[in-house]
Amino acid sequence: MAREKFQTLTEPMFYILLCLREECCGTDVMARVAALTHDRVTMGPGTLYNLLDSFQQAGMIRETCVAGRKRSYLITDKGRETLAAEYRRLLELTKDYKACMEEEDLR
Amino acid sequence: MKHTSYRWNTYCLYDYRGVEEHLSAMTAKGWRLERAGNNLWKYRRAQPAEVLYAVTYSAGASQFNPGPTQGQQSLEELCASAGWEKVCDWFQMQIFSTENPSAVPLETDEALRLEGLHRSMRKSFLPTTVVLLAFSLLFAASFLYSLISGNMYRLFSSNAHLFSGTMFLLLAGLEAYTLWHYYHWRKVSLRAVGEGGTCVPLGPGYRRLSAALLALVAVLAAGYLLLEILTGGSGRALFYLVYLALFFLLVFLVRRTSALLRKLRASKSVNIVLTLAVDVVLAIALVGGLAYGVVRFHWFFGLEGETYVYQHIEWDLSPREDFPLTLTDLTGEHYAHIRRRLFESGSFFLPEREYSETALPQGETESGLLRYTLWDPKFPRLQQALLREQLKTGGYNGPLFDSHYAYVPEDPIPWGAETAYRLHIDGSPKNAWLLAWPGRVVEVSLGGALSEAPKALIAARLGPGT
C-alpha cells in the first residue's frame, strides 16, 4: 500500500525527502522547505506531522534522535530511491513537454 | 459573574470545521475552551478576542494514555514553531489556537487531512459506534421482533418493553445514521479533494438530528417514568429513577478511575484493564445491590406485611382487604390462615393485575387456592391480540410435564361474558377459565379443596367495572 501511495510524490513530499538528505527535525524541515522554494511551498505542521509519520512507516525516512519534544530524521536508501524515481519522472515530463513544444514551434 | 461554563458537545469527531468555527465564535464572545470532556466541554471566561482555532488528528492519542504520546509531543512542537498553541485534545482530535491571522494553516493538504482523520476514526469512533449499534439492536431485538411479526400483545405487554424498545431502536437508528453519515461525508469529501477542492463542510444537519433524537429519547424516558407512576405506582418509578442514577454514578466512577490512573502515570494497557475491571465490579455491585434490596428488603415495592409460619407455609398476619374476590366470597367459610399476594404489571395500554390467595380453615390440612389475573386492554385490537396469546399458550408458557393444555370454548351466558373458555389438560376440564368482556379479560383458576365455581359471583366481582 505504501509503495502505491508514494508512487508519485506531491510537492511537499518531494521537498521533505529532499531536505532530509541531511539529518534535521520537523521544525527545520518546515524552514528549509520555505527557504528552498522561496515560500512557494508552504506546509502546515499537521500535514508535515502526518507525512513524516507516513514516510517513517513506509521506511523512507528513519528517526535518528529524540531530544525532548524534538525528533530528528534522515532519509533512507528507500527514500533516496523514491526521490530519484520522482526526479526521473519529472525529467520525463519535462522532456515530453519540450518535445511537444519544439514540434509545435516547427509547425 | 460566572467564570466557567459547561456545554454539552454536539459536534462529532470528524466535524473539524464545525469545532474550529464554534471555538472561534465562543472566544469572540469571551469564552475559551479549557477542557474537552467526553460530552461536557468546559470554558473559562476571558477577554473577547479574535482567535483562530484549528484541529488536526493524532491516531495514537487516547484518553487512557498517561500523557501525550511522543507523536503528540512532536506535533505540538511542530505546531508551536508555526505559531499554534495547544488548547487540549478530544479523543484523537488535537485542538490548537493562534492569535496570528497569517499563521500557516495546520493542514495544507486536504487528501492527507482526510487520510489522517480516517486513521483516527478507525481507531476509536467507528469501532465504538459499531459496538453501540450492535448493543442497541440487541436490546431492541425483542421489540423489533414484535414490530416485524405484528404481535401487538408483546408490543404492549409492558411499559418497559414498549419504551426501552422504542428508545433502543431510536439509539440504533442514530448509530446507524452516524455510520452512514460519516462514510457518505468521506465519499463526497474524497471526490471533492480528488477534484482539487477541500473536504465538504458538515453543516448543522447531523448535529440537529442527533440532538433531536437524543431529546426524544429523554422525553420517552420521562414518559416511561410517568406511565410507571400511573400504572404501577410511584415505587416502580422510583426504582427506575434509582436505577438511572446508579447508571450515571457508574459512568462517573469509571471515568474518575481512568482519570486517577492517568494521574498515577499508569500505562495505557494497565489503565484500560483496571478501568474495565472497576466497571464490571461496580456494575455487579450496584445493580446486584439494588436487586438484593428489592428482593430481600422489599425496597420501592413496599413490604408485604408481617407474616407467620403455620404448617410450613407463610401466612399473613393482617391479610390485605382490597381483593375484589376472595375465597370467603366463594365458599362463605371463615379461614383462620390467609395469604394474599397482588402483583401489578403490564403497561399503560394493557394493565395487568395478578391476584393470588391461599386460605386454610382452622383445623384443616387442605387449603383452598384462588388465582385470577385481570387485564384492561385500552383498545379492541389489543384485547383480540391478548386473547389470541392466551389461547395460544393455554394460559401458561407452554405445556408442562408433556401435558397438553388447551382452552376449550364454553357457553359464555352463565358468566355474562362475551366469550368464555375452559382450560383442559390432556382433554379433561379443569377449574380454570379465560373470560372476556369488552375492555376486560380475566383468567381465573380455583384449586385445592374448591370444586364448585359460582360463575355469576365470579363474573360480578371480576367482570368490567371492578
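Residues numbered from 1 in each chain as written. Chains lettered and ligands numbered in written order. Predicted model: local features only at pLDDT ≥ 70, side-chain atom pairs only at ≥ 80, totals over all residues.

### Brief notes about the overall build of chain A
Then, in step 1: When helices and strands are counted, chain A shows five helices and three strands.
Then, in step 2: Counting from the amino terminus, chain A carries its helices and strands in the arrangement α-α-β-α-α-β-β-α.
Then, in step 3: Considered along the principal axes of its C-alpha atoms, chain A spans approximately 65 × 30 × 20 Å.
Then, in step 4: Sorting the 107 residues of chain A into buried and exposed places 30% on the buried side.
Then, in step 5: Put simply, 47% of the contacts in chain A that link residues at least 6 apart link residues at least 24 apart. (Helix = DSSP H or I, 4+ residues; strand = E, 2+ residues; numbered from the N terminus. Buried ≥ 20, exposed ≤ 12 C-beta atoms within 10 Å, placed from the backbone. Contact = placed C-beta atoms within 7 Å.)

### Section: the interface of chain A and chain B
Then, in step 1: At the junction of the two partners, chain A supplies 19 residues and chain B supplies 20 residues.
Then, in step 2: Contributions of two or more residues to the side of chain A that touches chain B are made by helix H3 (26-36), helix H4 (45-57) and strand E3 (70-75) of chain A.
Then, in step 3: With eight residues, H4 of chain A is the single largest residue contributor to the side of chain A that touches chain B.
Then, in step 4: When grouped by side-chain class, the residues that make up the side of chain A that touches chain B number seven nonpolar, eight polar and four charged. (Nonpolar A, V, L, I, M, F, W, Y, C, P; charged D, E, K, R; others polar.)

### What about the sheet that holds strand E3 (residues 40-45) of chain B?
Residue and element names in this part refer to chain B.
Then, in step 1: Here we have three strands laid out as an open sheet, ordered E1-E3-E2, and antiparallel in their pairing. Every interior strand has two partners, whereas the edge strands, strand E1 (4-8) and strand E2 (31-36), have only one. Between one strand axis and the next, the sheet turns through 35° on average, direction left out of account.
Then, in step 2: Looking at chain direction, E1 and E3 are connected through five bridges and run antiparallel. Looking at the pairing, Ser5 lines up with Tyr43 of E3.
Then, in step 3: The strands touched by helix H1 (residues 16-28) are E2 and E3; relative to E2, the strand with the most contacts, the crossing angle is about 130°. (Pairing = 2+ DSSP bridges. Axes fitted to C-alpha atoms, helices over the stretch in contact; angles between N-to-C directions.)

### A closer look at the nonpolar core
Then, in step 1: Among the nonpolar cores identified, the biggest contains 59 residues, and Ile16 and Leu48 of chain A together with Tyr14, Leu33 and Ile95 of chain B are the most heavily contacted of them.
Then, in step 2: Lining this core are residues from two domains, each supplying at least three of them: domain 1 (4-98) and domain 2 (110-297) of chain B.
Then, in step 3: Leaving out residues up to four positions away in the same chain, Leu33 of chain B has contacts with Leu23, Met26, Trp41, Tyr43, Val87, Cys88 and Ile95 of chain B.
Then, in step 4: Membership of the second largest hydrophobic core comes to 51 residues, among which are Leu155, Met167, Phe168 and Ala417 of chain B. (Core = buried A, V, L, I, M, F, W, Y, C linked by C-beta atoms within 7 Å. Domains from an automatic or database assignment.)

### Digging into the sheet that holds strand E2 (residues 61-67) of chain A
In sheet architecture, strand pairing relies on hydrogen bonds along the backbone and comes in two forms, parallel and antiparallel.
Residues and elements named next belong to chain A.
Then, in step 1: An order of E1-E3-E2 is seen for the three strands of this open sheet, with the pairing classed as antiparallel. Looking at strand neighbours, the two that pair on one side only are strand E1 (24-25) and E2, the edges of this open sheet.
Then, in step 2: The strands that H4 touches are E2 and E3; relative to E2, the one it contacts most, it runs at about 120°.

### Regarding the environment of Gly116 of chain B
Then, in step 1: Inspection of the secondary structure assignment puts Gly116 of chain B in helix H3 (residues 110-149).
Then, in step 2: Of the residues examined, Gly116 of chain B has 24 C-beta atoms within 10 Å and is grouped as buried.
Then, in step 3: Between the C-alpha atom of Gly116 of chain B and that of Leu386 of chain B, which follows or precedes it by 270 residues, the distance is 56 Å.
Then, in step 4: Excluding residues that lie within four positions of it along the chain, Gly116 of chain B makes contacts with Asn50 of chain A together with Tyr57 of chain B.

### Let's talk about the domain arrangement of chain B
Then, in step 1: In terms of domains, chain B is made up of domain 1 (4-98), domain 2 (110-297) and domain 3 (307-462).
Then, in step 2: Inter-centroid distance (C-alpha atoms) of domain 1 of chain B to domain 3 of chain B is 65 Å.

### Here's the deal with unusual backbone geometry
Then, in step 1: One non-glycine residue, Arg265 of chain B, lies in the positive phi region at around 65°.
Then, in step 2: Mapped onto the elements of the fold, Arg265 of chain B is located in the loop between helix H7 (234-263) and helix H8 (268-297).

### Some thoughts on helix H2 (residues 70-81) of chain B
Then, in step 1: Given a rise of 1.5 Å per residue, twelve residues ought to cover 16 Å, and the 17 Å separating the end C-alpha atoms of H2 of chain B matches this to within 8%.
Then, in step 2: Those residues of H2 of chain B lying buried are Gln72, Ser74, Leu75, Glu76, Leu78 and Cys79 of chain B.
Then, in step 3: On its buried side, H2 of chain B packs onto H3, H4 and E3 of chain A together with strand E5 (85-90) and strand E6 (93-98) of chain B. (Expected span 1.5 Å × (residues − 1).)

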